[in-house]
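Results of the structural survey
Below are the chains, spelled out letter by letter.
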Amino acid sequence: DKRQQLGQDTEDLEKTLRPLKEAAAAREAVARAAAEMKHGAESFRKQDIRTGAIHGGRAHTAQLEALRVMEDAIQAAAANQLRQLGEQARDLSQRQMDAADKSGEFKKQEMPVSQEDTKQARQQQQDLKEQAEQLRQSLQKTAEQLDETYPDIAKDLRDAVKNMDERKILAAQQRALNAL
């Protein structure tokens, strides 16, 4: 019957949430809801409508709590992901400025730059280019993931990717790499 199917679906959801540490509170609420539904179904089978209704109300409350906790977990995960992307962008920007300063110092030197210094600068620039490409991909992927839930944030992320493209950051990094 429908109650048994709902109970099975709830138990399946609890099993799905088990490995996710962020979902521990939701998992507990889902487990409570499943237990209450099971008790409610038993009560209804025994024709104890009053007790069945009490368990049904508790199951409903537990399901609402699970939903609230999951929404909070999703929001926290999204905020954490955005914070990490921001840190990556700041770090990458700082390292790119440092690399540009180092290249500027090479140009000012009266003596030729050693092959080892050139090789290191070239490798550093290659690493920065690859990290910029990864950041761009991460921004796009995160925008897609957040599109339905947080459309304004997703738009801002797509705008950041568009800005990178318009400023031709990856092409500039390739030119810097070629110059070395």
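In case you missed it, the structure is sitting above this.
Quick look at the structure, then. (Residues numbered from 1 in each chain as written. Predicted model: local features only at pLDDT ≥ 70, side-chain atom pairs only at ≥ 80, totals over all residues. Heavy atoms only, no water.)

1. A word on the overall build of the protein chain
Rules: Counting from the N terminus, the helices are the DSSP runs of H or I reaching at least four residues and the strands are the DSSP runs of E reaching at least two. Three exposure classes are used, based on accessible area relative to the maximum for each residue type with a 1.4 Å probe and protein chains only: buried under 20%, partly exposed in between, and exposed over 50%.
Tallying secondary structure elements over the protein chain gives 6 helices and 0 strands in all. Starting at the N terminus and ending at the C terminus, the protein chain contains elements arranged as α-α-α-α-α-α. Out of the 180 residues belonging to the protein chain, those deemed buried represent 25%.

2. Observations concerning the packing of helix H3 (residues 49-108) against helix H4 (residues 115-146)
Our working definition: Axis definition: a line fitted to C-alpha atoms, limited for helices to the stretch in contact. Angles are taken between N-to-C directions and run from 0 to 180 degrees. Orientation labels follow simple angle bins: below 35 degrees gives roughly parallel, above 145 gives roughly antiparallel, 65 to 115 gives roughly perpendicular, and whatever is left gives oblique. Should the near helix be turned anticlockwise from the far one by less than a right angle, the crossing is left-handed, and should it be turned clockwise, the crossing is right-handed.
For the pair H3 and H4, the least separation of the axes is 10 Å and the interaxial angle reads 155 degrees. One finds that H3 runs roughly antiparallel with respect to H4. H4 is crossed by H3, and the crossing has left-handed handedness.

3. A short note on the nonpolar core
Heads up, the condition is: Only buried residues count toward a nonpolar core, which is a set of Ala, Val, Leu, Ile, Met, Phe, Trp, Tyr and Cys residues joined through side-chain atoms within 4.5 Å. In what follows, a contact means two residues having at least one pair of non-hydrogen atoms within 4.5 Å.
Leu 92, Leu 135, Leu 139, Leu 146 and Leu 157 are the most contacted members of the largest nonpolar core, which totals 14 residues. Of all the secondary structure elements, the ones that give two or more residues to this core are H3, H4 and helix H5 (151-166). The element contributing the most residues to this core is H4, with 6 residues. When residues no more than four places from it in sequence are discounted, the contact partners of Leu 92 are Leu 128, Gln 131, Ala 132 and Leu 135.

4. Focus on the packing of helix H2 (residues 24-45) against H3
One can describe the packing of H2 onto H3 by two numbers: an axis separation of 8 Å at closest approach and a directional angle of 165 degrees. In terms of orientation, H2 and H3 fall into the roughly antiparallel class. Every pair of crossing elements has a handedness; the one defined by H2 and H3 is left-handed.

5. A look at H3
Cut-off, in case you're wondering: Multiplying 1.5 Å by the helix residue count minus one yields the expected span of that helix.
An ideal rise of 1.5 Å per residue puts 88 Å on 60 residues; H3 measures up with 88 Å between its terminal C-alpha atoms. Where H3 is concerned, the buried positions are Gly 52, His 55, Ala 59, Ala 62, Ala 66, Val 69, Ala 73, Ala 78, Leu 85, Leu 92, Ala 99 and Phe 106.

6. Comments concerning the side chain of Ser 43
Along the chain, Ser 43 falls in helix H2. Overall, Ser 43 belongs to the buried group, its relative accessible area being 9%. When residues no more than four places from it in sequence are discounted, the contact partners of Ser 43 are Asp 48, Thr 51, Gly 52 and His 55.

7. Thoughts on the pattern of salt bridges
Formally: Salt bridges, as used here, are contacts in which a Lys or Arg side-chain nitrogen is within 4 Å of a carboxyl oxygen on Asp or Glu.
The tally for this structure, following the rule as stated, stands at 8 salt bridges. Note that Arg 68 is salt-bridged to Glu 65, the shortest N-O span being 2.7 Å. Taken together, the positions of Arg 68 and Glu 65, both in helix H3 and 3 residues apart, correspond to about one turn of that helix. Note that Asp 159 is salt-bridged to Lys 155, the shortest N-O span being 2.9 Å. Placement of both Asp 159 and Lys 155 in helix H5 is noted, with a separation of 4 residues, approximately one turn of the helix. The class of Asp 159 is partly exposed, set by a relative accessible area of 34%. Under the relative-accessibility criterion, Lys 155 is labelled partly exposed at 43%. A single network of salt bridges, built from pairs that share partners, joins Glu 65, Arg 68 and Asp 72.

8. Considering the environment of Ala 41
The topology assignment puts Ala 41 in helix H2. Exposure remark for Ala 41: the relative accessible area of 11% places this residue in the buried category.

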